[in-house]
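Below, each chain spelled out in residue letters.
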Amino acid sequence: MPLTDLVYLVFVCKFAAAAKTNDRPIIGVLAQEVFSPEPQRNSYIAASYVKFLESAGARVVPLMIDKPEDEYTRLFRSINGVLFPGGGASLESSGYSRAGTIFYKLALEANSKGDYFPIWGTCLGFELLSFLTSGEKLLSPTNTSGIALPLNFTEEAGDGRMFRDFPDELKKSLATEALTENSHNWSVSTEDFTKSERLKSFYRVLSTNSDGQKEFVSTMEAYSFPIYATQWHPEKNAFEWTRPYIPHSPSAIKTTFYMADFFVNEARKSFHSFSNVEEEEKALIYNYKMEYTGAQSAFEQKYFFN
Ligand SMILES: *[C@@H]1O[C@H](CO)[C@@H](O)[C@H](O)[C@H]1NC(C)=O
Ligand SMILES: *[C@@H]1O[C@H](CO)[C@@H](O)[C@H](O)[C@H]1NC(C)=O
Ligand SMILES: *[C@@H]1O[C@H](CO)[C@@H](O)[C@H](O)[C@H]1NC(C)=O
């Protein structure tokens, strides 16, 4: 082969490899209202969500509440995915739900045009995604506030993407050991999920759980969009210690990591970027200080925002 062809071939291969993944993914984490606002403390992000994403090779940008829509649109074009954290904000009338709704719509639009953009919802984030997709508040009370459970994988889980690359050993542990921490008083029951044409046609249920009375959806992913949600908290196992029911066994910590690894790999398929380095630097969460809050709150560390 002539040298020029070889050089060309190397160039093409390098380019193809480079184009395949974005190895500098930046993920937006949605802030939410604090329960009792104080000066300079109107909203917060629990640091465990940030560490969760960082542990798998992403950087984080906080998505502040109460910003104009065009600012969210500009940020959307700059980042590679969004995480809706758990918490206590209203699904209908909070800055969290308003911003979440905007990012959800932008993501549906972008993905429909082939512009890959993943979303992850944890706990309240799961509930927000169910609400946005179904257009209804399909929540039933469950006795699941502070308990770790194994997952009841559905038959469809095998066709899904989320657990596909998990080690078999870990999947077995997830199905038999209490590795998934639940902190919610409300759930989407399997019954309501099945009755909702919109939910059923949009999401594949990967796991369910029961509080002994009611079966609810605990893990789901959209069939045709990179949208993922857990009613449980994958980030807590490795990064939160204030509650006795948070599992910390080696398998529990691996669960945190493999969930983060899965989602960050989804973000690596997005090629949005900030228009310049200064803008990127200014947006990153490194500009904010986390504070120790473990003595008063369920979270060891939090970021507070105006
Ligand atoms: C709720 O579940 C806990 C176990 O997690 C159990 O001890 C408690 O009795 C249950 N409460 C009700 C009202 O069923
Ligand atoms: C569930 O409700 C109980 C009783 O109101 C409350 O103490 C607890 O903090 C709630 N748990 C969550 C996760 O919201
Ligand atoms: C798994 O499903 C069975 C059957 O519905 C139920 O009895 C059990 O409580 C579930 N396990 C968990 C951990 O939710």
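What you are looking at is a predicted structure, and each value in this text was computed from that prediction instead of being measured.

Novice: Please clarify how the nonpolar core should be interpreted in this entry.
Specialist: Generally speaking, soluble globular proteins have nonpolar side chains that are buried together. Within the largest apolar cluster, 43 residues are counted, with the highest numbers of intra-cluster contacts made by Val61, Ile79, Tyr203 and Ile227. Broken down by element, the residue count for this core peaks at eight residues, all from helix α4 (residues 95-112). Among the nonpolar cores identified, the runner-up in size contains 41 residues, and Tyr49, Ala157, Phe166 and Leu206 belong to it.

Novice: Would you explain the pairing of strand β3 (residues 41-46) in this entry?
Specialist: The two faces of a sheet get side chains in turn, since along a regular strand they alternate between them. The pairing of strand β2 (residues 32-38) with β3 spans three bridges and is classified as antiparallel. Residue Gln32 lies in a different strand from β3, and its bridge partner there is Tyr44. Here β2 folds back onto β3, and the loop between the two strands holds two residues, one of which, Gln40, carries a positive phi near 65 degrees. Alignment of β3 against strand β14 (residues 301-305), held across four bridges, turns out to be antiparallel. Note that in β14 the partner of Ile45 across the bridge is Tyr303.

Novice: How should I be thinking about the site of ligand 2 in this particular structure?
Specialist: All residues adjacent to ligand 2 are Ser145, Ser183, His184 and Asn185. Ser145 is positioned such that a nitrogen or oxygen atom in its side chain is 2.8 Å from a nitrogen atom of ligand 2. Considered on its own, ligand 2 offers 360 Å² of accessible surface; in the complex 30% of this is hidden by protein. The leading source of residues in the shell around ligand 2 is strand β9 (residues 180-187), at three residues. Residues belonging to the shell around ligand 2 are distributed by class as follows: no nonpolar, four polar and no charged.

Novice: Would you mind going over helix α3 (residues 69-76) with me for this structure?
Specialist: For the α-helix, the turn length of 3.6 residues means that residues three or four positions removed from each other point alike. Three or more residues of α3 are buried, namely Tyr72, Leu75 and Phe76. One side of α3 carries all its buried residues, which in axial view fall inside an arc of 100 degrees. Contacts made by the buried residues of α3 are with β4 (59-63) and α4.

Novice: What is the right way to look at the UniProt feature "active site" (unreviewed entry) in the chain in this model?
Specialist: The positions that UniProt labels "active site" (unreviewed entry) are, in the present scheme, Cys123 and His233. Judged by maximum C-alpha separation, these annotated positions cover 111 residues in sequence but sit close together in space, the widest gap being only 6.7 Å. Residues from the named set that contribute to the lining of the largest pocket are Cys123 and His233. Residue placement: Cys123 occurs in the loop between β6 (119-122) and α5 (124-134). Positionally, His233 belongs in the loop between β12 (227-230) and α9 (236-239). Those residues within four positions of His233 in sequence are excluded, and the remaining contacts are Tyr49, Gly86, Thr122, Cys123, Glu181 and Ser183. Within the structure, His233 has its side chain in polar contact with the side chain of Tyr49 (distance 3.3 Å).

Novice: Explain empty space enclosed by the protein to me, please; I cannot follow it from the model alone.
Specialist: Take a probe with the size of a water molecule and roll it over the atoms, and the empty space left behind shows itself. In the structure shown here, the tally under the stated rule is one cavity of 30 Å³ or more. A volume near 30 Å³ is recorded for the largest cavity. Along its surface, the largest cavity is lined by Leu91, Glu127, Ser130, Phe131, Glu136, Lys137, Leu138, Leu139 and Val188. Among the residues forming the lining of the largest cavity, the class breakdown is five nonpolar, one polar and three charged.

Novice: Quick question: what am I supposed to make of the sheet that holds β2 here?
Specialist: Hydrogen bonding along the main chain pairs the strands of a sheet, whether they run parallel or antiparallel. The strand order β2-β3-β14-β13 describes an open sheet built from four strands, whose pairing is antiparallel. Of all the strands in the sheet, just β2 and β13 (290-292) have a single pairing partner and so form its edges. Within this sheet the neighbouring strands show an average axis-to-axis angle of 45 degrees, counted without direction.

Novice: Looking at this structure, I do not really get the pairing of strand β11 (residues 215-222). What am I missing?
Specialist: With seven of eight residues buried, β11 lies mostly within the body of the structure. Relative to β11, strand β10 (residues 203-210) runs antiparallel, the two being bridged by seven bridges. Counterpart to Asn209 in the pairing with β11 is Phe216. Counted along the chain from β10 to the antiparallel partner β11, the turn is four residues long, and its residue Gly212 has a positive phi close to 100 degrees. Taking the residues that link successive antiparallel strands as the turn, the β11-β12 hairpin has four residues.

Here is what the cut-offs are and how they apply
Residues numbered from 1 in each chain as written. Chains lettered and ligands numbered in written order. Predicted model: local features only at pLDDT ≥ 70, side-chain atom pairs only at ≥ 80, totals over all residues. Heavy atoms only, no water. Core = buried A, V, L, I, M, F, W, Y, C linked by side-chain atoms within 4.5 Å. Buried < 20%, exposed > 50% of the residue type's maximum accessible area, 1.4 Å probe, protein only. Helix = DSSP H or I, 4+ residues; strand = E, 2+ residues; numbered from the N terminus. Pairing = 2+ DSSP bridges. Near = heavy atom within 4 Å. Polar contact = N/O pair within 3.5 Å; in protein donor to acceptor, adjacent residues only side chain to side chain. Areas by Shrake-Rupley, 256 points an atom, 1.4 Å probe, with all protein chains shown as cover. Nonpolar A, V, L, I, M, F, W, Y, C, P; charged D, E, K, R; others polar. Arc of directions from axis to C-beta. Contact = heavy atoms within 4.5 Å. UniProt positions renumbered as here; feature names shortened; annotations may be inferred. 1 Å grid on protein atoms, 1.4 Å probe; cavity = no way out; pocket = protein on both sides within 12 Å on 5 of 7 lines; lining within 4 Å. Points joined across faces, edges and corners; volume = space filled by probe spheres on them. Axes fitted to C-alpha atoms, helices over the stretch in contact; angles between N-to-C directions.

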